[in-house]
Amino acid sequence: MVPSQEEPAAARGTSEAQPLGPAPPGAAPLPGPGPLDGPEAAGPEKVEVELAGLAGPAGAEPLEPPEGGWGWLVMLAAMWCNGSVFGIQNACGVLFVSMLKTFGSKDDDKMVFKTAWVSSLSMGMIFFCCPIVSVFTDVFGCRRTAVVGAAVGFVGLVSSSFVSSIEPLYLTYGIIFACGCSFAYQPSLVILGHYFKKRLGLVNGIVTAGSSIFTILLPFLLRVLTDSVGLFYTLRVLCIFMFVLFLAGFTYRPLASSAKDKDSGTKGGNRFSLFSRRKFSPPKKIFNFAIFKVTAYAVWAVGIPLALFGYFVPYVHLMKHVNERFQDEKNKEVVLMCIGITSGVGRLLFGRIADYVPGVKKVYLQVLSFFFIGLMSMMIPLCSVFGALIAVCLIMGLFDGCFISIMAPIAFELVGAQDVSQAIGFLLGFMSIPMTVGPPIAGLLRDKLGSYDVAFYLAGIPPLIGGAVLCFIPWIHSKKQREINKTTGGEKMEKMLENQNSLLSSSSGIFKKESDSVI
């Protein structure tokens, strides 16, 4: 059945969403297939299903995730998307130095402040736009949204390479490029649930590991490029990544509702077409706030941003702290490399482990990750030996990968496949607030107190609090399920009694009629 907002666990995956009942009146209608043009409207011809879990017209068989096949190519495309988007963002420190050299002096405090806003605005906009992107994904599908987003990002990056001052980069790099990345990124999370269910955790781990790989490699590439050809040509080289991302978006093929429809789509030659013959049927509610009626999701959407107020502080200020604490060390960048390597390992490892953790209990993996991330943040100032700091960074990166890789599987478990796009969109939008606020507060503490010690101690507290909040989610979810099962069981019992009474009344009438005839 299509799960209502009060029955989030009814859709444990894409294959369980079946059109056996109407949607509740408060929920937004699903962006399913609309009427077809011309004579094809009368027959069961080609109908493309844009979201996982949609079963198509009445009487159609429910979709089963193929668990492979074309899905492996989709996985590689999503991996490239994660790597390109967040690899460039995580390597912004190299571009930051190059921007200072190009547009001003690094000793100019005002210029440093201006330049810092370029990268900060870019990262914040990627997550801030996600709720809007979720609406586009619901209405237009993953493929159209991702392809258009990559094209916009390409335009923003190209235009950034022709500016003559730092201010235009706020628009070209901070807004246009970032918004394009956001529109390309979120569909890569949603599309995986169309093609995988049993292996979804592993696939998400592989996809999110792409950002770790690019984070390790891109800083070295960007450093070589900026030193040899300068900032502007470096940005033009990065446009190649966005162009490949544009091509990768075409692989997000909608699943056909049946084998016949699939064959029809192949014969029609529009496998990679951006425009199908299906008319759009946009939801009545653009933003489906009804998903917040799912209590477990509402708690999750509060706990994750709460934890992130301190989550990104080490990633932003760690290098500055290392330069101040370990001045004699030569290879200071190795701490960031350690985080990137173990983060990739953690995404693969915990992504696979999540496949064996049933249902909403996957949240406990995120609780574990936040506990260690908070603890490692507090231990950073205590490290007086560089080797100890490397060990702390290795552990932090491992559990960073755990947190990221299971975000999409948990969203599927909490709200079901039909609402997962907006569920992820809202969550990422909320995440933009702590990502923007947390690091500047830590920087302010550093300026006031003269060291990062208090900043790192305080940065470890929000992940611990957020993890404690997430502990309540499995209990809330199971309690809601018991209420649903109890209600469903009572309705079934009433129906059985009605049928039994009806049968007894019918039998009594027949017996009376036979008695009268005998008399």
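Residues numbered from 1 in each chain as written. Predicted model: local features only at pLDDT ≥ 70, side-chain atom pairs only at ≥ 80, totals over all residues. Heavy atoms only, no water.

**Student:** Could you clarify how one ought to interpret the overall build of the protein in this entry?
**Tutor:** Along the protein, the regular secondary structure elements total 20 helices and two strands. A total of 519 residues make up the protein; the buried ones form 51% of that total. For the protein, the share of sequence-separated contacts (at least 6 apart) that also reach a separation of at least 24 residues comes to 85%. Split by element, the accessible area of the protein, about 23100 Å² in all, is 68% carbon and sulfur. (Helix = DSSP H or I, 4+ residues; strand = E, 2+ residues; numbered from the N terminus. Buried < 20%, exposed > 50% of the residue type's maximum accessible area, 1.4 Å probe, protein only. Contact = heavy atoms within 4.5 Å. Areas by Shrake-Rupley, 256 points an atom, 1.4 Å probe, with all protein chains shown as cover.)

**Student:** Sorry if this is basic, but what is going on with the confidence of the model for the protein here?
**Tutor:** Atomic detail in the predicted coordinates should be set aside for any region of low pLDDT. Residues at a pLDDT of 70 or more form 73% of the protein, whose mean pLDDT is 74. Low pLDDT (under 50) marks residues 1-62, which in the prediction has 143 contacts with non-local residues, meaning those over four places away or in another chain. With pLDDT under 50 throughout, residues 258-273 is counted as low confidence; its partners more than four residues away or in other chains account for 23 contacts. (pLDDT = per-residue confidence, 0-100.)

**Student:** What should I look at first to understand the pattern of salt bridges in this one?
**Tutor:** Side chains carrying opposite charge are able to pair once their charged atoms draw close together. This structure, assessed with the given rule, holds four salt bridges. Among the salt bridges present, the one from Asp 453 reaches Arg 325, with a minimum N-O distance of 2.9 Å. Linking Asp 453 in helix H18 (residues 453-459) with Arg 325 in helix H12 (residues 313-325), this pair joins segments that are 128 residues apart in sequence. Look at Asp 453 and you get partly exposed, because its relative accessible area is 24%. A salt bridge links Glu 413 to Lys 362, with the shortest nitrogen-to-oxygen separation between them at 3.4 Å. You can see Glu 413 sitting in helix H16 (residues 407-415) and its partner Lys 362 sitting in the loop between helix H13 (334-354) and helix H14 (363-379), a full 51 residues away along the chain. Given a relative accessible area of 7%, Glu 413 falls into the buried group. (Salt bridge = Lys/Arg side-chain N within 4 Å of Asp/Glu carboxyl O.)

**Student:** Can you help me understand the packing of aromatic side chains in this one?
**Tutor:** Geometrically, a pair of aromatic rings is defined through the distance of the ring centres and the angle of the planes. If you walk through the whole model with that rule in mind, you get 23 aromatic pairs. Ring geometry for Phe 243 and Phe 246: centres 6.3 Å apart, planes at 25°, overall stacked. Of this pair, Phe 243 and Phe 246 are both found in helix H9 (residues 231-248), three residues apart, which corresponds to roughly one turn of the helix. A relative accessible area of 43% places Phe 243 in the partly exposed class. Given the relative accessible area of 24%, Phe 246 is considered partly exposed. An aromatic cluster is defined as three or more aromatic residues linked by ring pairs; in this entry it consists of Phe 292, Tyr 297, Trp 300, Phe 426 and Phe 430. Taking the ring centre of Tyr 233 as reference, the NZ or CZ of Arg 236 above it sits at 4.8 Å. (Phe/Tyr/Trp six-rings, centres within 6.5 Å; stacked < 30°, edge-to-face > 60°. Lys NZ or Arg CZ within 6 Å of the ring centre and 35° of its normal.)

**Student:** Hey, could you run me through the packing of helix H11 (residues 295-311) against H12 in this one?
**Tutor:** Each packed pair of helices is defined by two parameters, the angle between the axes and the distance between the axes. Direction vectors running N to C along H11 and H12 enclose 0°, while the axes themselves pass 7 Å from each other. Overall, the two elements H11 and H12 adopt an arrangement that is roughly parallel. Residues Phe 309, Gly 310 and Tyr 311 of H11 pack against Val 313, Pro 314 and Tyr 315 of H12. A breakdown of the residues in the contact of H11 with H12 according to their chemical character gives five nonpolar, one polar and no charged. (Axes fitted to C-alpha atoms, helices over the stretch in contact; angles between N-to-C directions. Parallel < 35°, antiparallel > 145°, perpendicular 65-115°, else oblique. Nonpolar A, V, L, I, M, F, W, Y, C, P; charged D, E, K, R; others polar.)

**Student:** Any chance you could explain the environment of Leu 444 here in plain terms?
**Tutor:** You can see Leu 444 is positioned in helix H17 (residues 420-449). Expressed as a C-alpha distance, the spacing of Leu 444 and Ala 455, which sit eleven residues apart in the sequence, is 8.9 Å.

**Student:** I would appreciate a short explanation of a nonpolar patch on the surface in the present structure.
**Tutor:** The grouping of Leu 306, Phe 309, Ile 433, Val 437, Ile 441, Leu 449, Val 454, Leu 458, Ile 461 and Ile 465 at the surface amounts to a nonpolar patch, some 790 Å² of accessible area in total. For the nonpolar patch, the elements supplying multiple residues, two or more each, are H11, H17, H18 and helix H19 (461-470). Residue position: Val 454 is located in helix H18. Taking the relative accessible area as the measure of exposure, Val 454 reaches 34% and is therefore partly exposed. (Patch = residues over 30% accessible without salt bridge, like charges linked within 9 Å, V, L, I, M, F, W, Y side chains within 5 Å.)

**Student:** So what exactly am I meant to see when it comes to the packing of H14 against helix H15 (residues 386-405) here?
**Tutor:** Packing of H14 against H15 leaves a shortest axis separation of 8 Å and a crossing angle of 155°. Overall, the two elements H14 and H15 adopt an arrangement that is roughly antiparallel. The handedness of the crossing between H14 and H15 is left-handed. The segment H14 lies against H15, with Leu 365, Gln 366, Leu 368, Ser 369, Phe 370, Phe 372, Ile 373, Met 376, Ser 377 and Met 379 engaging Val 392, Ile 395, Met 396, Phe 399, Asp 400, Cys 402 and Phe 403. (Left-handed = near helix turned anticlockwise from the far one by under 90°.)

**Student:** Explain the side chain of Thr 172 to me, please; I cannot follow it from the model alone.
**Tutor:** Here Thr 172 is to be found in helix H6 (residues 168-190). Judged by its relative accessible area of 9%, Thr 172 falls in the buried class. A distance of 3.0 Å separates a polar atom in the side chain of Thr 172 from a polar atom in the side chain of Ser 160. Contact partners of Thr 172, with chain neighbours within four places excluded, come to Gly 156, Ser 159, Ser 160, Val 163 and Phe 177. (Polar contact = N/O pair within 3.5 Å; in protein donor to acceptor, adjacent residues only side chain to side chain.)

**Student:** Would you explain H15 in this entry?
**Tutor:** Every α-helix carries 3.6 residues per turn, so stepping three or four residues along brings you back to the same face. Counted at 1.5 Å a residue, the expected span for H15 with its 20 residues is 28 Å, and the 29 Å between its end C-alpha atoms agrees. Listing the buried residues of H15 in full gives Phe 386, Leu 389, Val 392, Cys 393, Met 396, Gly 397, Phe 399, Asp 400, Gly 401, Cys 402, Phe 403 and Ser 405. (Expected span 1.5 Å × (residues − 1).)

**Student:** When you look at the nonpolar core in this model, what are you seeing that I'm missing?
**Tutor:** Inside soluble globular proteins, nonpolar side chains tend to come together where they are buried. Ranked by size, the top nonpolar core spans 101 residues in total, and within it Tyr 297 and Trp 300 carry the most contacts. The leading source of residues in this core is H6, at eleven residues. For Trp 300, the residues in contact, after removing those within four places along its chain, are Pro 305, Gln 366, Met 407, Ile 410, Ala 411, Leu 414, Leu 427, Leu 470 and Ile 473. Core analysis: the second largest hydrophobic core is formed by 21 residues, Val 313, Leu 318, Met 319 and Val 392 among them. (Core = buried A, V, L, I, M, F, W, Y, C linked by side-chain atoms within 4.5 Å.)

**Student:** Please clarify how the environment of Leu 217 should be interpreted in this entry.
**Tutor:** In this structure, Leu 217 sits in helix H8 (residues 200-228). Given a relative accessible area of 54%, Leu 217 falls into the exposed group. Placed 123 residues apart in sequence, Leu 217 and Gly 340 show a C-alpha to C-alpha distance of 9.6 Å.

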